Amino acid sequence: MAAEKGMNITLKVWRQKNGQSKGALETYQINDVSPDSSFLEMMDALNDQIIMKDGSPVVFDHDCREGICGSCSMYINGQPHGPARLVTTCQLHMREFKDGETIYVEPFRAKAFPVIKDLVVDRSALDRIQHAGGYISVNTSGNTQDANAIPIEKEKADKAFDAATCIGCGACVAACKNASASLFMSAKISQYALLPQGQVEAKNRVLAMVKQAEEEGFGPCSNTGACEIECPKGISLENIARMNREYLSASLTSK
Amino acid sequence: MSESRGLLKSHIVKKYWMAFTGLFLILFLTGHLAGNLQLFMSGYAGQLQFNEYAVFMTTNPAVKLLSYVTYLSIIFHAIDGMMISIANKKARPISYAYSRPEKNSIWSSRNMGVLGTIILVYIVVHMQNFWYVYKFGSTPFMMNEAGNAPLLQDGTAVAGGLIENGSVFLNGENVGVAMKDLHTIVVDGFTNPILVGFYVLAMIALGFHLVHGFSSAFQSLGLNHPKYNPIIRKVGYAYAIVVPAIFALIPVYMFFM
Ligand code: HEM
Ligand code: SF4
Ligand code: FES
């Protein structure tokens, strides 16, 4: 089946030994790719091909391969996670491309995302933003309160849930011309800001997370909307506006 | 523990100021355009009307105060915009070899700094063309329709009056400040096709700046609601097209009249 419909693809893949070395695009030819294979399966096949010729395989991040871990960061043909909407690289299929097409594969680019090797970047800056305030303090000493005991408006619960579907993949940063982490941050802030449990630490949360993002070197937000379009989870720009409101009231009233 | 960092220190606060000054400048443009519409009036009546308006704009204390706020807004907006643009560039020191930004954002939104710079250059040229000449340059003075008596700022004609150092003298006595003829400076200015072309170009840049800027300012201030977003977008687009278009029409109209 694959044999009759196999695609021939030219790949231009970013190869870089380590964080100190200068990388460059390298060209590979891969033939007979099944249109039904995922992009990562195609990359696996490429690596088999490279290993057979005693080369060093292209290093890339991946884990769940079902769109939930957020690790498969690749900038494919000029867009994070490739041309398809609402998918991660692992959910991207080769049928999105044309037979004979040249595909560029680069790491996510941001000052805050240094390249470790080839396509792998260090995205721990996002974790540090989360650590700065993306939590609520709950007593877990054995008499934990049932979260459902507090009534919550359905619409707010839904919006908080939507915000919480952010998988921290960093595509928003990769897509943004300013490498801004605003969409990520605003999702993490909103998922708490919308719920009563998040109110206790609300003020400090937004101030601390925004400060951390800046210290990590992420850029300011220009409201281009690229992040929302490229986000595999469809996180809305509404969250950034909410973050801006939260930040305004927090900075006006904080000591 | 306090995480507050003052009024200019964070990116988000920089964007509040950007939006706040930008929206103020949008209001200013609306008023400025309304005033400039008088340039479409022809003949002596139009000339007189415009020059009386110029006197009002330069002497009324409330207008003066507003004009200082406008200057401050422009300067603040430009400096803040440059700081933001520098931070933007810094956040991605190595760019992509191959990128398709047009797939996820409009051109204007990615070129606000360039568009703003064109507008800034325009503002400097525009101020030199008219504001500077009107205030400090050698301007012609407004006469009555027959052309034999100079006018005072309040519009009274002084038969037999002579103008010296910007004042009207009658029989050696200073009877008041003479009305300057800004209208003629404008008419003369727009006989230059290069200047007309530059004004049109700058207004196109302004239009593109506002195609993104108008709605962006609301988002920066946290005003994003599904109920109001469509109207903000529509009004923004309409404003970005109509206002710069009418502004641009003025020099073109005057060039051909
Ligand atoms: C009368 C003229 C102008 C008007 C009405 C205007 C209006 C606006 C508005 C409404 C915004 C959106 C603010 C936001 O995103 O929150 C904006 C953004 C911007 N303006 Fe202006 N502007 C003007 C002149 C200028 C000038 C002279 C510059 C000089 C460099 C400039 C540079 C910028 C930049 C860089 C941005 C984008 C900031 C970002 O990336 O977020 N603008 N402008
Ligand atoms: S907001 Fe979207 S694009 Fe950004 S990290 Fe979360 S899931 Fe990824
Ligand atoms: S590998 Fe987990 S989201 Fe792609």
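Residues numbered from 1 in each chain as written. Chains lettered and ligands numbered in written order. Predicted model: local features only at pLDDT ≥ 70, side-chain atom pairs only at ≥ 80, totals over all residues. Heavy atoms only, no water.

Identification of chain B as Succinate dehydrogenase from Acidiluteibacter ferrifornacis is taken from an unreviewed UniProt entry.

### Some thoughts on the site of ligand 2
Residues and elements named next belong to chain A. In the vicinity of ligand 2 lie 13 residues, with C166, C169, G170, C172 and C231 positioned nearest. The set of elements that each furnish at least two residues to the shell around ligand 2 consists of α5 (171-175) and α6 (182-193). The class makeup of the residues in the shell around ligand 2 is ten nonpolar, two polar and one charged. (Near = heavy atom within 4 Å. Helix = DSSP H or I, 4+ residues; strand = E, 2+ residues; numbered from the N terminus. Nonpolar A, V, L, I, M, F, W, Y, C, P; charged D, E, K, R; others polar.)

### Looking at a nonpolar patch on the surface
Nonpolar side chains collect at one region of the surface, where I106, Y237, I241 and V242 of chain B lie side by side and expose about 350 Å² of accessible area between them. Following the sequence through the fold, V242 of chain B ends up in helix α8 (residues 229-256). (Patch = residues over 30% accessible without salt bridge, like charges linked within 9 Å, V, L, I, M, F, W, Y side chains within 5 Å. Areas by Shrake-Rupley, 256 points an atom, 1.4 Å probe, with all protein chains shown as cover. Salt bridge = Lys/Arg side-chain N within 4 Å of Asp/Glu carboxyl O.)

### Comments concerning the domain arrangement of chain B
Often, the extent of an interface is quoted as the loss of accessible area upon association of its parts. Residues and elements named next belong to chain B. Here the domain parsing of chain B yields domain 1 (11-136 + 182-256) and domain 2 (141-179). With centres defined by C-alpha atoms, the gap from domain 1 to domain 2 works out at 36 Å. Summed over the shared surface of domain 1 and domain 2, the number is zero salt bridges. Where domain 1 meets domain 2, there are two residue pairs in polar contact (both at pLDDT 80 or more). Per-class residue counts for the side of domain 1 that touches domain 2 are three nonpolar, three polar and one charged. (Domains from an automatic or database assignment. Polar contact = N/O pair within 3.5 Å; in protein donor to acceptor, adjacent residues only side chain to side chain.)

### A closer look at the pattern of salt bridges
Residue and element names in this part refer to chain A. In the structure shown here, the tally under the stated rule is twelve salt bridges over all chains. The partner of D118 in a salt bridge is R15, and the shortest N-O contact between them spans 3.2 Å. With D118 in the loop between β6 (115-117) and β7 (120-121) and R15 in strand β1 (residues 7-15), this pair connects stretches of sequence that are 103 residues apart. By the burial criterion, D118 is buried, and R15 matches it. (Buried < 20%, exposed > 50% of the residue type's maximum accessible area, 1.4 Å probe, protein only.)

### Some details on the UniProt feature "transmembrane region" (unreviewed entry) in chain B
Residues and elements named next belong to chain B. UniProt marks residues 20-45, 65-87, 113-134, 194-214 and 235-256 with the feature "transmembrane region" (unreviewed entry), using the numbering shown here. In this annotation, residues 65-87 is assigned 100% helix and 0% strand; the end-to-end C-alpha distance for the span is 33 Å. Taken as a whole, residues 194-214 contains 100% helix and 0% strand, while its terminal C-alpha atoms sit 29 Å from one another. (UniProt positions renumbered as here; feature names shortened; annotations may be inferred.)

### Examining unusual backbone geometry
All names here are of chain A. One non-glycine residue, L86, adopts positive backbone phi at about 60°. Relative to the helices and strands, L86 resides in the loop between β4 (79-80) and β5 (102-106). The exposure class of L86 is exposed, given its relative accessible area of 54%. One non-glycine residue, N223, adopts positive backbone phi at about 55°. N223 gets classed as buried once you look at its relative accessible area, which sits at 11%.

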